[in-house]
Amino acid sequence: MRKRKLIHEETNKEIGPSPAKLVKDEASVDLFPKENSGNACDENLADLSVQVQEIFDTASKCSMSDIDSDSVCTSSSPEVENDSLNDSVSADTESEISDHEHLTYILRYNCSKASFESLISLVKAFNSNSDVTKDLTYNKIFLEVGYSKYKIIHYCQICLNRFPDDVDIFNCSTESCNGLRYIGDVTKQIDPKRKPNAFFIICDVAWQLKLLLERDGILQEILRNKAKAKDVNTSMSDIYQGTAYQSMYKYGNFLFSLYNLNGIINTDGIPLYSSSRVKLWPVYVSVNELSIFNRFSRGNTLLAGIWQGTGNPPFLQYLLSIAEELTSVYETGEQVVTNDGMKVVKLCVCLATMDLQAKAYATYMTMHNGAFGCITCEEQGETVKQGKGYSRCYPYRSPDQRPYVRDSDDIKLVKSPAATSGKRIKGIVGPSAFIAMPWFDMVNGMTPDYMHSVLMGVCKHLLYLWVSPTQSGKPYFVGNFIQRLPRDLENHYGHLKATELQIWLLFYAYPCLQGILENKYLRRFCSLSEGIHILLGDSITPGELDRAEKLLDDFYKTFTDLYSPGSSGLNVHNIGAHLVYYVMGCFGFEDNNAEVLKSVHGTGDVTRQIINYRFVYQN
């Protein structure tokens, strides 16, 4: 596989702070110790870690009403009461174990830091003579239970340039930029309690991969699934039968090595609070050799980085730092304990799935409503009048008249270096972070995502056209017959979730609309429904792929004529022209976004809070 030398700033590969520096600047401080560090905390904390693991399941069964001065859930069996405990368990030990159960309960049920610290204070008050609890703090609990590795990278708020690792360099190095590293004027830059103006967090992906693969049964499942790539038959059941995977699996290529794996990356903005402009932008990586059921589960996805703030992160700097981390996992890998001894496992992240907005940010391209917004081909689109304004339309073209498919090297090496925000070259604004991953194909690797393009995009838009009062008088409007549709659809069509839209698209739209929606509209909708149903199948034959392509082409071909030129946007274009080629989706990553929000408490910086709670479940 062709490699190019990367030209970029060297980063400190020691991700995660040194245990001896628990109270210094956050840029240089590791809040968590090294795995083999013997002096990370006192010996009592080491005992705590073991006891926490032993009682975790018991504590998870307790209810909040159990946690009071009279009734404490313990790790003993139901038959053993306080007056009949084993003689070898002293009263002090019993009290200490109960204290640990309190703390484990807080972790298990995701309480805030403030309530956690209040409980610790209460535990100390009831156990003033306990050696285990006297020095216990919120941070020390996470030293043992939520140990993690990450690196905090500061960047300039003005020019977005990354600051060097040396935390005492506080002036931005960009020429004519007067940005400062820490909050406040120049005099505040040497304050011991200084805080950075702007930062993001990069997590150690290799370390997380090691944790994942050393869990019981995970590596065995991965190797079994990877072996399926040998069975090339007429049907496709997963990524292993795809042409890109098969190419990488050939002799001498990356995936030919038994312990080399394949990954997919995703990012999306998550509003932190409904009444605030603050967003989170986590970046996830999943291992494609896991079964589909396990691939996107919370415990199996790797958190590559996280940013919090208003607006959007500095995508080039943020994703470049993540790309550098992924390059290390690709080239160097990580030592993993296997049934055959220690093996070096490497991960090649060669796929990305994102919604249209995130994809434009990540690839540094024009947005979906601009000229040349498609990452797959050089379709320019047309500007058409839509309502009181204008929109970008992607008109249907027959396969022999469609524009050229883009070339990854052309984007990376020709157009990107020459493009600027003021001089875009066929939609390319400038170099993207994926340049730091020379193996990554920016065309074949950037897949349209099923959830946002098909369900939240086209399917939801069709519902709007059919039932919104703003469309009354149109030949496709069926709002006058809305009482014949499901009640939830009647009242909440604009707020349906992706899973609800999928059920509507695949199962009950046709019987509900038959006899209501004019046949020419219903027929083309059925082309969409059947085509998507085929692509979602557990196994797809070449004949079925061919039928799906014809159905989606039929849907695309007539869309502008049936509705309006402005309705045929980039999502319609991707479905009709490119979706069969990619056959991918991203439900799993959205589930991870929902889990991230569950661990958030407070209104300040929540990035490390998320990391703490996430790694509780991975350790």
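This one's a predicted model, so the numbers in the text were calculated from it and none came from an experiment.

*Asks:* Is there a simple way to think about the environment of leucine 302 in this case?
*Replies:* Mapped onto the elements of the fold, leucine 302 is located in strand E6 (residues 302–310). Between the C-alpha atoms of leucine 302 and valine 287, which are 15 residues apart in sequence, the distance is 8.6 Å.

*Asks:* Which parts of the structure should I look at to understand the packing of aromatic side chains?
*Replies:* For any two aromatic rings, the description comes down to two numbers: the centre-to-centre distance and the angle of the planes. For the structure on display, the rule yields 20 aromatic pairs. With 4.0 Å between their ring centres and 15° between their planes, tyrosine 330 and tryptophan 439 make a pair best called stacked. One end of the pair, tyrosine 330, is in helix H9 (residues 315–331); the other, tryptophan 439, is in the loop between helix H11 (408–418) and strand E11 (446–448), and 109 residues separate them in sequence. Neither residue differs from the other here; tyrosine 330 and tryptophan 439 are each classed as buried. Within the aromatic cluster, the residues linked to one another by ring pairs are Tyr476, Tyr521, Phe555, Phe559 and Tyr563. The ring of tyrosine 390 has lysine 385 lying over it, and the distance from NZ or CZ to the ring centre is 5.3 Å.

*Asks:* What is the right way to read empty space enclosed by the protein from this model?
*Replies:* One way to see where empty space is left: roll a probe the size of a water molecule over the atoms. According to the stated counting rule, one finds four cavities of 30 Å³ or more in the structure shown. One number sums up the size of the largest cavity: a volume of about 110 Å³. Lining the largest cavity are 15 residues, with Leu356, Lys359, Gly373, Ile375 and Leu570 sitting closest to its centre. Mapped onto the lining of the largest cavity, the elements with two or more residues apiece are helix H10 (356–363) and helix H17 (570–577). Looking at the lining of the largest cavity element by element, the count peaks at four residues for H10. Here the lining of the largest cavity is built from residues that sort into eight nonpolar, six polar and one charged.

*Asks:* Mind showing me how you'd approach the pattern of salt bridges here?
*Replies:* Proximity of charged atoms lets side chains of opposite charge pair with each other. Within the structure shown, the criterion is met by 13 salt bridges. Taking the shortest distance from any N to any O, the salt bridge between lysine 210 and glutamate 214 comes out at 2.8 Å. The buried category is assigned to lysine 210, whose relative accessible area is 14%. We note a salt bridge from lysine 415 to aspartate 410, for which the minimum N-O separation is 2.3 Å.

*Asks:* When you look at the nonpolar core in this model, what are you seeing that I'm missing?
*Replies:* The nonpolar side chains of soluble globular proteins are, as a tendency, buried together. Membership of the largest hydrophobic core comes to 69 residues, with the highest contact counts inside it found for Leu213, Tyr318 and Ile322. In terms of residue count, H9 provides more of this core than any other element does, nine residues in total. Among the nonpolar cores identified, the runner-up in size contains 50 residues, and Ala509, Leu535, Ile540 and Tyr563 belong to it.

*Asks:* Before we go on, may I ask you to explain the environment of lysine 346 in this structure?
*Replies:* In this structure, lysine 346 sits in strand E8 (residues 341–354). Lysine 346 sits in the partly exposed class, given a relative accessible area of 24%. The contact partners of lysine 346, leaving out residues within four places of it in the chain, are Phe254, Tyr259, Asn260, Leu261, Val329, Tyr330, Glu331, Thr332 and Gly333. Looking at lysine 346, its side chain comes within polar contact range of the main-chain oxygen of glutamate 331, at 3.2 Å.

*Asks:* Mind showing me how you'd approach unusual backbone geometry here?
*Replies:* For residues that are not glycine, phi is negative in most cases, and the peptide bond is trans in most cases. The backbone of leucine 160 shows a phi angle near 70°, a positive value even though the residue is not glycine. Turning to its location among the elements, leucine 160 is positioned in the loop between strand E1 (150–154) and strand E2 (199–203). The phi angle at lysine 426 is positive, at roughly 50°, despite the residue not being glycine. On the secondary structure map, lysine 426 appears in the loop between H11 and E11. On the accessibility criterion, lysine 426 (35% relative accessible area) is partly exposed.

*Asks:* Mind showing me how you'd approach the confidence of the model for the protein chain here?
*Replies:* It should be kept in mind that the predicted coordinates are not to be read in detail where pLDDT is low. When the pLDDT values of the protein chain are averaged, the result is 78; 72% of them are 70 or greater. pLDDT under 50 marks residues 1–99. Its contacts with residues more than four places away, or in other chains, come to 158 contacts.

*Asks:* What exactly am I supposed to notice about helix H12 (residues 450–467) here?
*Replies:* Count 3.6 residues to each turn of an α-helix, and residues three or four apart come out pointing the same way. At lysine 460, H12 shows its largest bend, some 25°. Most of H12 is tucked away: 14 of the 18 residues are buried.

*Asks:* Before we go on, may I ask you to explain the pairing of strand E10 (residues 389–393) in this structure?
*Replies:* Two faces belong to every sheet, and in a regular strand the side chains alternate between them. Taken together, the five bridges between strand E9 (residues 382–386) and E10 define a ladder with antiparallel strand orientation. Paired with threonine 383 across the strands is arginine 392, a residue of E10. Count of turn residues in the E9/E10 antiparallel hairpin: two residues, of which glycine 387 carries a positive phi of about 60°.

*Asks:* Quick question: what am I supposed to make of the pairing of E2 here?
*Replies:* Across the five residues of E2, five count as buried, placing the element largely inside the fold. Here E2 shows a buried face lined by Phe199, Ile201 and Cys203 and a second buried face lined by Phe200 and Ile202. With two bridges joining them, E2 and E6 adopt antiparallel strand pairing. Each bridged residue has a counterpart across the sheet, and for isoleucine 202 the counterpart in E6 is glycine 305.

*Asks:* What should I look at first to understand the packing of helix H15 (residues 519–535) against helix H16 (residues 542–562) in this one?
*Replies:* The axes of two packed helices give the description: the angle between them and the distance between them. It is at 8 Å that the axes of H15 and H16 come closest, and there the two elements cross at 145°. In terms of crossing hand, the pair formed by H15 and H16 is left-handed. Along the contact surface, H15 presents Lys520, Tyr521, Arg523, Arg524, Ser527, Leu528, Glu530, Gly531, Ile532, Ile534 and Leu535, while H16 presents Glu544, Leu545, Arg547, Ala548, Leu551, Leu552, Asp554, Phe555, Thr558 and Leu562. Looking at the contact of H15 with H16 residue by residue, the class counts come to 11 nonpolar, three polar and seven charged.

*Asks:* Please clarify how the environment of lysine 557 should be interpreted in this entry.
*Replies:* Relative to the helices and strands, lysine 557 resides in helix H16. Here the alpha-carbon distance between lysine 557 and serine 398, two residues 159 residues apart in the chain, equals 8.1 Å.

Cut-offs and rules
- Residues numbered from 1 in each chain as written.
- Predicted model: local features only at pLDDT ≥ 70, side-chain atom pairs only at ≥ 80, totals over all residues.
- Heavy atoms only, no water.
- Helix = DSSP H or I, 4+ residues; strand = E, 2+ residues; numbered from the N terminus.
- Phe/Tyr/Trp six-rings, centres within 6.5 Å; stacked < 30°, edge-to-face > 60°.
- Buried < 20%, exposed > 50% of the residue type's maximum accessible area, 1.4 Å probe, protein only.
- Lys NZ or Arg CZ within 6 Å of the ring centre and 35° of its normal.
- 1 Å grid on protein atoms, 1.4 Å probe; cavity = no way out; pocket = protein on both sides within 12 Å on 5 of 7 lines; lining within 4 Å.
- Points joined across faces, edges and corners; volume = space filled by probe spheres on them.
- Nonpolar A, V, L, I, M, F, W, Y, C, P; charged D, E, K, R; others polar.
- Salt bridge = Lys/Arg side-chain N within 4 Å of Asp/Glu carboxyl O.
- Core = buried A, V, L, I, M, F, W, Y, C linked by side-chain atoms within 4.5 Å.
- Contact = heavy atoms within 4.5 Å.
- Polar contact = N/O pair within 3.5 Å; in protein donor to acceptor, adjacent residues only side chain to side chain.
- pLDDT = per-residue confidence, 0-100.
- Bend = angle between axes of the 7 residues up to and from the residue.
- Pairing = 2+ DSSP bridges.
- Axes fitted to C-alpha atoms, helices over the stretch in contact; angles between N-to-C directions.
- Left-handed = near helix turned anticlockwise from the far one by under 90°.

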